[in-house]
Amino acid sequence: MARKKPKSIELFAGAGGLALGLEKAGFHTIGLIEIEQNAAGTLKKNRPKWNVIHDDIAHISPLDLEQYFTIKKGDLHLLSGGAPCQSFSYAGKRLGLEDARGTLFYHYAVFLHKLQPKVFLFENVRGLLTHDHGRTYKTIHDIFKAEGYTIKESVLNAWDYGVPQKRERLIIIGIRNDLADKLRIDPPKPHRYKPLLRDILHDVPLSGGVQYSEYKRKIYGLVPPGGYWRDIPSDIAKEYMKSCWYMGGGRTGILRRLSMDEPSLAVLTSPSQKQTDRCHPLEARPFTVRENARCQCFPDEWEFCGSVGQQYRQVGNAVPVQLAYEVAKTIIEGLKRLCSSNRAGRRLLSDVHDPA
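These lines cover the structure that appears in this document, whether it is placed above or below. (Residues numbered from 1 in each chain as written. Predicted model: local features only at pLDDT ≥ 70, side-chain atom pairs only at ≥ 80, totals over all residues. Heavy atoms only, no water.)

Observations regarding the packing of aromatic side chains
Summed over the entire model, instances satisfying the criterion amount to 18 aromatic pairs. With a centroid separation of 5.0 Å and 75° between ring planes, the pair formed by Tyr68 and Phe69 is classed as edge-to-face. With a relative accessible area of 6%, Phe69 lands in the buried category. Their ring planes at 90° and their centres at 5.7 Å tell us that Phe105 and Phe122 sit as a pair that is edge-to-face. With Phe105 in helix α5 (residues 104-115) and Phe122 in strand β5 (residues 119-125), this pair connects stretches of sequence that are 17 residues apart. A relative accessible area of 0% places Phe105 in the buried class. Taken together, the aromatic side chains of Phe105, Tyr108, Phe120, Phe122, Phe144 and Tyr149 make up a single cluster linked through ring pairs. Just above the ring of Tyr325 sits the side chain of Lys24; from NZ or CZ to the centre is 4.5 Å. The cationic tip of Arg47 hangs over the ring face of Trp50; the distance from NZ or CZ to the ring centre is 5.7 Å. (Phe/Tyr/Trp six-rings, centres within 6.5 Å; stacked < 30°, edge-to-face > 60°. Buried < 20%, exposed > 50% of the residue type's maximum accessible area, 1.4 Å probe, protein only. Helix = DSSP H or I, 4+ residues; strand = E, 2+ residues; numbered from the N terminus. Lys NZ or Arg CZ within 6 Å of the ring centre and 35° of its normal.)

With respect to helix α10 (residues 308-317)
For the α-helix, the turn length of 3.6 residues means that residues three or four positions removed from each other point alike. Among the residues making up α10, those that are buried are Gln311, Tyr312, Gln314, Val315 and Gly316. Contacts made by the buried residues of α10 are with α2 (37-46) and α9 (289-295). (Contact = heavy atoms within 4.5 Å.)

Section: the environment of Pro187
Along the polypeptide, Pro187 turns up in the loop between β7 (168-176) and α7 (214-220). Considered as a pair, Pro187 and Glu326 are 139 residues apart in the sequence and their alpha carbons are 8.9 Å apart.

Remarks on the pairing of strand β1 (residues 7-11)
Put simply, side chains in a regular strand alternate between the two faces of the sheet. Burial within β1 is extensive, with four of its five residues counted as buried. The pairing of β1 with strand β2 (residues 28-34) spans five bridges and is classified as parallel. Considered in β2, the bridge of Ser8 is made with Thr29. Judged from the four bridges that link them, β1 and strand β4 (residues 78-81) form a sheet pairing that is parallel. Within β4, the position partnered with Glu10 by the bridge is Ser80. (Pairing = 2+ DSSP bridges.)

Details of the nonpolar core
Counting residues in hydrophobic clusters, the biggest one holds 34 residues, and the most contacted among them are Phe105, Phe111, Phe120 and Phe144. It is α5 that contributes the most residues to this core, eight residues altogether. Leaving out residues up to four positions away in the same chain, Phe111 has contacts with Ile9, Leu11, Ile33, Ile57, Ile60, Ser61, Leu65, Phe69, Leu79 and Gln116. (Core = buried A, V, L, I, M, F, W, Y, C linked by side-chain atoms within 4.5 Å.)

Considering the packing of α5 against helix α6 (residues 135-146)
Two elements in contact, α5 and α6, have axes separated by 10 Å at closest approach and are oriented at 15°. On the basis of their axis angle, the class for α5 and α6 is roughly parallel. You can see that α5 and α6 cross each other, and the crossing is right-handed. Contacts from Phe105, Tyr108, Ala109 and Leu112 in α5 reach Ile140, Ile143 and Phe144 in α6. Per-class residue counts for the contact of α5 with α6 are seven nonpolar, no polar and no charged. (Axes fitted to C-alpha atoms, helices over the stretch in contact; angles between N-to-C directions. Parallel < 35°, antiparallel > 145°, perpendicular 65-115°, else oblique. Left-handed = near helix turned anticlockwise from the far one by under 90°. Nonpolar A, V, L, I, M, F, W, Y, C, P; charged D, E, K, R; others polar.)

If you want it as C-alpha cells, here you go:
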C-alpha cells in the first residue's frame, strides 16, 4: 500500500513556480497562501484541487493554524516560501519574533513558531545577505535559530540546475533541532550541461507580449546578438541613452540583446526598461510572456491569469520551477534517508514515500 506524500504549506505562493517544483519532487501541498488576486487565480486555474487561500497572510497567521490546516504541531514536513524582507535592524535586542513585527517575514516566522515543521525552505534574493550591512539577515537568522532550527544557507545559480537563465537565489534550509543530527540535507549537485536559449526558443506557444516603439525597434536592428549599446555607432547610442551616456559603470543592460548561444539573463517583472532590457536574439522585441515562462521552466500548459502586464509580473517574480525541484528533491531524499536509518525515524516520518 502506497504511503502518503510528505505535507507542505507554502506562503507567498505567487504564480506557482516553487509549488510546482515541490509537487514534482513529491510533496503534497495542503495550503498555499497568496494575496494577489491574479496570481491566486493562476494557481486555482491550473490546480483546482490545491487548497489555494486568496487572502492576506496577516489575516491567517493569528489563527489556530493546527485547526485551520488540520495538522498537529510538529507533523508538517515542510514550510516553504520567500517573504519580502524589509529592513528591521534589531539584532542584539533579542526580542525574538518581536524583532520582525510589522514585516511580512514576521508572518512566516509565526507559522514556523506555531507549526514547528520538520524542515523549512526560505528563498530570497542574494542581496538579503548584505542588506542593511547584514543586519537584516542576522535578525532573520537569529529568529530561525531561536525557534529551534539548525540553519544552512547557500546561493544557487539557476543556470547550474537545468534552468536556461542566470538567476541567483538565496536558499535557506532549516532543520528542527531534534532532527538535526539525524537528518542530512545536502545542496543539489550542479548539472554538467547548462541549457542555452537555443534549447528552449523553438515551438513556443503564442501568447501576449509587448512591443518596442518603432524608434527603439530600429535601433535594436543595429545591435548584434549578444551585444549592447557599445556595439552600435556612438552617436546613435548617445542620442538614445541621453543622460545615461554620462553615467559611470558598465551599463551593459542598456540596449542588451541576448544570444541563442547563452542563457537568458534574470527574467524581470517588466519586459522593457531602458536599464535592464533583454531583447529577443533574433527579433527586435522583448520576450513574450510564454518565452519568459520557458526561461522560468513553467510547463507550456500552465496558464497565467490577468492582463499581459500582470502575467509578466507573475512570471518574473516566480522561482524557476526546475531550481525549486532540485532543492525540493534534496529535502525529500533527506527525509527518506531518515526514514530508513532507524525505527524512530520510520515512526516519525512514516508517511514519506518515494515520489517516483
